[in-house]
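Coordinate analysis (summary)
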Protein chains: 2
Amino acid sequence: MPASFKKQSQSLHLALLDQQRQLHSKNRPVMIVIAGDDRIGRQHAINRLMTWFDPRFVRVNAYTPQEQPSSDRPWLWRFWRDLPAAGQLSITLRDWTATLITDGLNQDLDDATLARRIEQINQFEQALIDDGTLLIKFWLTLSESAHETRLTELRHTPYYDPKDELAFRRYQQARAIYEPILAQTQTPERPWHSIQGDDPQQRDLTIGQTILEQLNRWQTHRPLETGTDTADTAESSAIKVRLRQPDPVIDYAQQLEDAQSELQTLMNRAFQAKQSVICLFEGVDAAGKGGAIRRLVHHLDAGQYQIVPIAAPDEAEKAHHYLWRFWRQIPADGHLTIFDRSWYGRVLVERVEGYASPSEWQRAYQEINDFEAQLTDHGCVLLKFWLHIDQAEQLARFEARERTPHKQHKITDEDYRNRKQWSAYEAAINHMLTHTDTEHGPWIVLDALDKKAARISVLKAVIAKLKTQL
Amino acid sequence: MPASFKKQSQSLHLALLDQQRQLHSKNRPVMIVIAGDDRIGRQHAINRLMTWFDPRFVRVNAYTPQEQPSSDRPWLWRFWRDLPAAGQLSITLRDWTATLITDGLNQDLDDATLARRIEQINQFEQALIDDGTLLIKFWLTLSESAHETRLTELRHTPYYDPKDELAFRRYQQARAIYEPILAQTQTPERPWHSIQGDDPQQRDLTIGQTILEQLNRWQTHRPLETGTDTADTAESSAIKVRLRQPDPVIDYAQQLEDAQSELQTLMNRAFQAKQSVICLFEGVDAAGKGGAIRRLVHHLDAGQYQIVPIAAPDEAEKAHHYLWRFWRQIPADGHLTIFDRSWYGRVLVERVEGYASPSEWQRAYQEINDFEAQLTDHGCVLLKFWLHIDQAEQLARFEARERTPHKQHKITDEDYRNRKQWSAYEAAINHMLTHTDTEHGPWIVLDALDKKAARISVLKAVIAKLKTQL
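First things first, this report covers the structure right here in the doc. (Residues numbered from 1 in each chain as written. Chains lettered and ligands numbered in written order. Predicted model: local features only at pLDDT ≥ 70, side-chain atom pairs only at ≥ 80, totals over all residues. Heavy atoms only, no water.)

Here the focus is the interface of chain A and chain B. The interface is formed by 35 residues belonging to chain A together with 36 residues belonging to chain B. At the boundary of chain A with chain B, total buried surface from both sides reaches about 3,100 Å², with 58% on carbon and sulfur atoms. Across the contact surface, chain A and chain B share 2 salt bridges. Linking A:R56 and B:D340 is a salt bridge whose minimum nitrogen-to-oxygen distance equals 2.5 Å. Those elements that provide at least two residues to the side of chain A that touches chain B are helix 1 (3-26), helix 2 (39-52), strand 2 (58-62), helix 10 (252-272), helix 11 (289-297) and strand 7 (305-309) of chain A. Tallying contributions element by element places helix 2 of chain A first for the side of chain A that touches chain B, with 5 residues. Here the residues of the side of chain A that touches chain B sort into 14 nonpolar, 13 polar and 8 charged. (Contact = heavy atoms within 4.5 Å. Buried area = accessible area lost by both parts, 1.4 Å probe. Salt bridge = Lys/Arg side-chain N within 4 Å of Asp/Glu carboxyl O. Helix = DSSP H or I, 4+ residues; strand = E, 2+ residues; numbered from the N terminus. Nonpolar A, V, L, I, M, F, W, Y, C, P; charged D, E, K, R; others polar.)

If you want it as structure tokens, here you go:
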């Protein structure tokens, strides 16, 4: 080891340690991605980084290629699951782009799939950046001759891995695949730092220096909010989107039983067919979400579905991207997840109460559309219900709850306080229904004045959707 | 449905809902287990419970038998992972005992394995009960004739499942296996409620009533603490357990490099052999735990190990059994997890600072021994290091840290405050080393006065242990 490397390594170590200690006060996550066709170099570079940082506070996410084919959730799911929280640092080996490149090499993805996945990668990275993540991506390459030399050296040692041999033989083929992908997955904000790895010490020093520069330049505070609340109060008079009137109900008990039985049969088929389903319910307090959900699952096997009630985020959830807690609850193939309130809280309560800044909730429409597109792209059935009641009906229901012993707990002062914000909520609801009513995720906006009719309608909508899908 | 069932069902629904709402204030978890040879009945009973409770706040843990053979962690791991937090209610389908019975039926477990697993079940349940969990276990049976009738009815419907047929044919064989297991996995505190399921309505009413009675009787507060702090201050003069003196170090750099390389080779073999390893480090502040850990992992592949620094538990961790957060971090086969501080905090800081009551930390010795026995029983290598320095050396190191710019952050007023508790800590340490130095989990108590020698010693101990194991 030349003295100059030792010296530079030592000073990098101290500087990076110092930055690492300050991470917590910056309150933002750091993600370092180490990818590239230099398989051995990637591993060694990460090992070196672990000696420069305090390894106890670095989370290495090393994804095995084996995990990929058995994936029974949208392909980016595990990367969302493992996102670092604010103040944490993660290093990713075999990241999303590397996964795409491997898939491209092994499975001959068609052009349309490839293009869609590249788009999803860009959406994913942009969502992280926008949320304040420092994302630093390295692509480690080796010249063809260095590759060959290294292989020859390894061939008779215990470190020899036939996969390296294979990777080398595919060298040219791989370049042809990854170069366009790299070009399409970078922007000035999140470039690929291309690192030549023929000299391993130089490679690691360059990586370390780059990380240090990025950390040094990094703002402690979030960028200034540039958005403004564009809510048009003229909008706020009423829910403007087409309201679906449920069919009148003649014999509720019989219709309910029939629909529940039919759904049970369909969900058993969905389980066999590995069809996953997401139903989400939104609506003002007392709109009847809970009642509709209970009727929906009444005949279903409890092991097959899961109800996720969404309340205010806890500390761990607040420390992550707002979509993180929903990604973690995405059903595995064959299962049903029901969200009682959902990610739309970002553009409803968080907007109205000011928990999300204008620029945050404004970009959320697109982020949510992208997120839902990934769900349906994976093959998941997505049903979005908005249960609609007006202000007078809500008041009547609040008062009725106060007279019913086992429903009194459902009503608090806060519910009445929220009513004062009615027009602000109406503006937010109209915005939401307008901006997130997409082809892949259409809203079903139900008039829920008649509770029973609304419940039957929900069941019928799920049944109809499943029938077209199975 | 006879009117009387409808009426009883409705009143159970209201009463259970009411109890469910009060759960949060009780600050303890509820676990309901539904097992039995009545496969269809089990499922229907859970479905009924979901209509009586508010299903949004019930977590159903339905384990698939398929999960079992692929398990690469101790067999009770997933049950620990999914424990409800205080204030939560879970229903478990195919629980630990059911898993054992299925294994008994399918794999012909030898008597010794069976006996050990029964013991582990009792330890597991007792640990939960002691921690304040309300555990209610049901065993659903069907008479042989009812079983046959039900099968005949099902045979030409879509609900027919060949597995039910198989279960019926094994009826007598299964009874012979499960009856002794049930007898051995109950105590008056946690009995199996045996429910005859020939009449499904009666079955569900009995289950509902039993749950209601248990919830009604349940104390809001934890049982009175009966233990007393038996710490003998005479003990507290010094660390009494045999202290291992590390070999003197001649050429540190060379010895370190050699040991790290050897460990690297061994860990690669461990990965191939699917050998999991746990190393835990305890010791007073400034004993050199972090430095020893950094040297230990220096040559290892970052994807193969994980360092888990243990700090004060967060809110979610506090709401669970204290071992829960450690169970979740148990390495999968082939991986290494290093705990920088560990579950021994229960009998060290939590004892000394009074976060755990005397009866809590006193029973922790046995709970920890049981926990570690499960790790080694699964085949995991367990190494427990206590790095020892005396009070004078600690003070010298604190002062040295204050003079070193990149170590100043490591020293806070709290460190000095902790020093005042030195004798209380010494008593706790002596107790711990005496009560948890077991055959399967022996302590390696290292004199860490010479940092470099201690680091080499740690490496050598891990190497020696791996060599005997691989």
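A separate point is the sheet that holds strand 2 (residues 58-62) of chain B. Residues and elements named next belong to chain B. Read from one edge of the open sheet, 5 strands run 2-3-1-4-5, paired in parallel fashion. In the strand order of this sheet, the two ends are held by strand 2 and strand 5 (192-196), each with one partner. Going from strand to strand, the sheet's axes swing by 20 degrees on average, the running direction of each strand aside. The sheet contact formed by strand 1 (residues 30-36) and strand 3 (residues 89-93) spans 5 bridges and is parallel. Across the sheet, V33 pairs through a bridge with T92, a residue of strand 3. (Pairing = 2+ DSSP bridges. Axes fitted to C-alpha atoms, helices over the stretch in contact; angles between N-to-C directions.)

Further remarks concern the packing of aromatic side chains. Under the criterion given, the structure shown has 34 aromatic pairs over all chains. Between the aromatic rings of A:W139 and A:Y178, the centroid separation amounts to 4.7 Å while the plane-to-plane angle is 45 degrees, which identifies the pairing as tilted. In this pair, A:W139 sits in strand 4 (residues 134-141) while A:Y178 sits in helix 8 (residues 171-184), placing the two residues 39 residues apart along the sequence. Residue classification places A:W139 among the buried positions, given a relative accessible area of 4%. An aromatic cluster is built from A:Y63, A:F79, A:W80, A:W96, A:F124, A:F326, A:W327, A:F339, A:W343, A:Y344, A:F371 and A:W443, whose rings are joined through pairwise contacts. Over the aromatic face of A:W361 sits the side chain of A:R351, whose NZ or CZ is 3.9 Å from the ring centroid. The cationic tip of B:R117 hangs over the ring face of B:W75; the distance from NZ or CZ to the ring centre is 4.9 Å. (Phe/Tyr/Trp six-rings, centres within 6.5 Å; stacked < 30°, edge-to-face > 60°. Buried < 20%, exposed > 50% of the residue type's maximum accessible area, 1.4 Å probe, protein only. Lys NZ or Arg CZ within 6 Å of the ring centre and 35° of its normal.)

On to the relation of the copies chain A and chain B, then. Overlaying chain A with chain B gives an RMSD of 0.0 Å, the required rotation being 180 degrees about an axis along which the chain moves by 0.1 Å. Expressed as an axis order, the relation between the two copies is that of a two-fold axis. Here 100% of the contact residues of chain A are again contact residues in chain B; the copies associate through an equivalent surface. (Least-squares fit on C-alpha atoms with pLDDT ≥ 70 in both.)

A few words on the environment of A:Q254. With respect to the helices and strands, the residue A:Q254 is situated in helix 10. Each C-alpha atom of the pair A:Q254 and A:A98 lies 54 Å from the other, and the pair is 156 residues apart in sequence.

As a further point, take the sheet that holds strand 3 (residues 89-93) of chain A. All names here are of chain A. Strand order in the open sheet made by the 5 strands is 2-3-1-4-5, with parallel pairing throughout. For this open sheet the edge positions go to strand 2 and strand 5 (192-196), each flanked by a neighbour on one side alone. The mean angle between the axes of side-by-side strands here comes to 20 degrees, regardless of whether they run parallel or antiparallel. The pairing of strand 4 with strand 5 spans 5 bridges and is classified as parallel. Paired with F138 across the two strands is H193, which belongs to strand 5. Docked against the sheet, helix 2 engages strand 1 (30-36), strand 2, strand 3 and strand 4, running at close to 165 degrees with respect to strand 3.

Attention shifts here to the environment of A:K465. Residues and elements named next belong to chain A. If you trace the backbone, K465 turns up in helix 19 (residues 451-469). You can call K465 partly exposed: its relative accessible area is 29%. C-alpha separation for the pair K465 and A176, spaced 289 residues apart in sequence, amounts to 42 Å.

As a further point, take the pattern of salt bridges. If you walk through the whole model with that rule in mind, you get 50 salt bridges over all chains. A:R325 serves as the salt-bridge partner of A:E317, at 3.5 Å between the closest nitrogen and oxygen. Both residues of the pair, A:E317 and A:R325, belong to the buried class. As a salt-bridge pair, B:R150 and B:D38 come within 3.0 Å of each other at their nearest N and O atoms. Highlighted residues: B:R150 in helix 6 (residues 144-154) and B:D38 in the loop between strand 1 and helix 2 (39-52), separated in sequence by 112 residues. Each of the salt bridges in this network shares a partner with another, and the network as a whole consists of A:D38, A:R48, A:R150, A:R203 and A:D204.

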